[in-house]
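Next come the chains, spelled out residue by residue.
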Amino acid sequence: MISLQQSGKVTFALILNIENGCNKHARFMKDYAMERGVKQIVDDVVDIKLTEDGSIDSLTTKEHGILSGDLFIDCTGFSGLLINKALGEPFISYSESLLCDRAIAMQIPTDLKKDGINPYTTATALSSGWVWNIPLYGRNGTGYVYSSAFISPEEAEQEFRQHLGVVADNCKSSHIKMRIGRNRNSWVKNCVAIGLSSGFVEPLESTGIFFIQHGIEELVSHFPSKYFNEELIHSYNKVIANCIDGVREFLTLHYYASDRTDTDFWRATKNNIKVSEELQEKLRLWKNRLPSNKSINPKYHGFESYSYSVMLMGLNYMPESSLPILEHIGNHNAQAAFVEIKERANYLTSTLPSQYEYLTYVIKSQEQSEYLSMVSDQPQRIPALIS
C-alpha cells in the first residue's frame, strides 16, 4: 500500500502473504527497505473497502484496524486477494498449452564433505511432468512439477520418492496447487498485482523472480501521480502481458518440440495442447535454420535467440539443413575453438576451488565479518590496573 504525498515523498506499507517464514534474501530486502523509511505491518486482511468508482479505498486488518492508501500493490500470491477477489479482474488460464498445474516440493539433506555441491541445477523428466533439483549448502531443494489430469497427488508423490531413492525416506513433502496463466490486466484502478498475483507459468525456466523484478521495474517507469493516467496503465498492462505470454510460448516449446512420447502426458504435449499457427510456422523455419533474433518472439520476455537454440537442440529438435555457405568453409576453425574451450575448462576445474570449498569460504568469511561488526558495536572495556 502506497500513499502518494503532494511533497513527492512516498511512504509504503507492505502487505505480504508469507508462508513458512522468510528466507535470507527476503529478510535482507525487508531490512534494506525499512532502513529507508518503509513501514512493515504484519497482519491479516479481513475486509477490503472500495470507492464508488471501484477503486480500493482501504483495507481492514485484524490487529491494526483500517489502512488507507492511494496505490495498492497486491502481493498475495495465487489468491489474488485484491486484484481478483476484490476488483474482479479476470484470470486468463494457460492450461490449453501448459498442462502442469501441481508441484510436490522436498528438502533433501546432503553430506557436504562427502558429496560436495554441484555447480548447476537439473531438470529430469518423469511420467507426468519433470523434477527440479537445486543444490544448496547442506541440502538439495527438489520438486516434482506434474499435471493433475494424468496422475493423482498420491501417485505423483510415490513416483517422486522412487525417483529420489532412500535419501527421501524421512523427508516431508509439500503439495502445491499452481495457478498457471495471467490476469487480463495486472494494473486495475489503483491496484497493481506483482508476482504470483499477476501471473505465473510453471517453474521450468525459473521465471518467478524474473516476473517480480520485471513488474517492479515497469511500475517504477510507469509510476503514477494521484490522477492515475489511463495511458500509463494501458502501457504497463501491455508490457506485462507481452512478457508473460512470451515466456508461455518459450515453455510450450520445451514440451511440444521434445521427442518423448512414452506416456499419456508426453503424448498429450504433442497432440492435445494448443500451439498457435505463428509458432508452428517458426518451428518449421527452425527445422531449416537455427533461431535468430528476427525469428523468435519479438516482445521482451527475457530470452534471447541462443536460449531457443540450445533448448531445441537439447531436445533433439535439430535443423535438417544449414546455411549453404558453410559447405564452403572447413571445420578447422570451429574444431580449434572447441579444443581451446575444453583446454580452458580443464585448466579452470583443476585450479579453482570446488563449489563446496568456495561457498564454505564465503560463509565463514561472512560469519567472521558479522562477528567483528557485532564486537565493534559493543562498549570497549578497559581493564583496571592492579597496583
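No experiment lies behind these values; they were computed from the predicted model shown.

Calculation criteria
- Residues numbered from 1 in each chain as written.
- Predicted model: local features only at pLDDT ≥ 70, side-chain atom pairs only at ≥ 80, totals over all residues.
- Heavy atoms only, no water.
- Pairing = 2+ DSSP bridges.
- Helix = DSSP H or I, 4+ residues; strand = E, 2+ residues; numbered from the N terminus.
- Salt bridge = Lys/Arg side-chain N within 4 Å of Asp/Glu carboxyl O.
- Buried < 20%, exposed > 50% of the residue type's maximum accessible area, 1.4 Å probe, protein only.
- pLDDT = per-residue confidence, 0-100.
- Contact = heavy atoms within 4.5 Å.
- Phe/Tyr/Trp six-rings, centres within 6.5 Å; stacked < 30°, edge-to-face > 60°.
- Lys NZ or Arg CZ within 6 Å of the ring centre and 35° of its normal.

Asker: Is there a simple way to explain the pairing of strand β4 (residues 45–50) in this structure?
Answerer: Regular strands place their side chains on alternate faces of the sheet. Examined bridge by bridge, β4 and strand β5 (residues 56–61) share five bridges and lie antiparallel to one another. Directly across from Ile48, in β5, lies its bridge partner Leu59. Linking two consecutive strands that pair antiparallel, namely β4 and β5, is a turn of five residues; a positive phi of about 90 degrees is found at Gly54 within it.

Asker: Sorry, what's going on with the pattern of salt bridges here?
Answerer: If the charged atoms of two oppositely charged side chains come close together, the side chains can form a pair. The tally for this structure, following the rule as stated, stands at nine salt bridges. Ionic pairing is found between Glu89 and Arg184, a salt bridge with its closest N-O pair at 3.0 Å. Pair noted here: Glu89 is in the loop between α2 (81–86) and β8 (91–93) and Arg184 is in the loop between β14 (181–183) and β15 (187–188), with a separation of 95 residues, a long-range link. Exposure remark for Arg184: the relative accessible area of 46% places this residue in the partly exposed category. Between Asp264 and Arg267 there is a salt bridge, with the nearest N and O atoms lying 2.7 Å from each other.

Asker: Explain the confidence of the model for the protein chain here, please?
Answerer: Where the model shows low pLDDT, its predicted coordinates should not be examined in detail. When the pLDDT values of the protein chain are averaged, the result is 89; 90% of them are 70 or greater. Note that pLDDT drops below 50 for residues 3–22; the model gives that stretch 30 contacts with residues more than four away or on any other chain. pLDDT under 50 marks residues 380–387. Its contacts with residues more than four places away, or in other chains, come to one contact.

Asker: What's the story with the packing of aromatic side chains in this structure? I'm lost.
Answerer: Ring pairs (aromatic) are described by centroid distance and by the angle formed between their planes. Enumeration over the complete set of coordinates arrives at 16 aromatic pairs. Ring centres 6.5 Å apart and planes at 15 degrees place the aromatic pair Tyr137 and Tyr356 in the stacked group. Placement of Tyr137 in the loop between β11 (129–136) and β12 (139–146) and of Tyr356 in helix α11 (residues 355–377) is noted, with a sequence separation of 219 residues between them. When the ring of Phe210 is compared with that of Phe211, the centres are 5.7 Å apart and the planes differ by 40 degrees; the resulting orientation is tilted. Given a relative accessible area of 22%, Phe210 falls into the partly exposed group. Overall, the relative accessible area of 8% leaves Phe211 in the buried class. Here a set of aromatic residues connected by ring pairs shows up, and it is made of Phe150, Tyr255, Phe265 and Trp266. Sitting over the face of the ring of Tyr94, Arg248 holds its NZ or CZ atom 4.2 Å from the ring centroid. In this structure, Lys287 packs its charged tip against the face of Tyr317, placed 4.4 Å from the ring centre.

Asker: I would appreciate a short explanation of the environment of Ser225 in the present structure.
Answerer: Residue placement: Ser225 occurs in the loop between α5 (208–221) and α6 (230–256). Residue classification places Ser225 among the partly exposed residues on the basis of a relative accessible area of 41%. Once the C-alpha coordinates of Ser225 and Asp70 are considered, the two residues, 155 residues apart in sequence, prove to be 9.6 Å apart.

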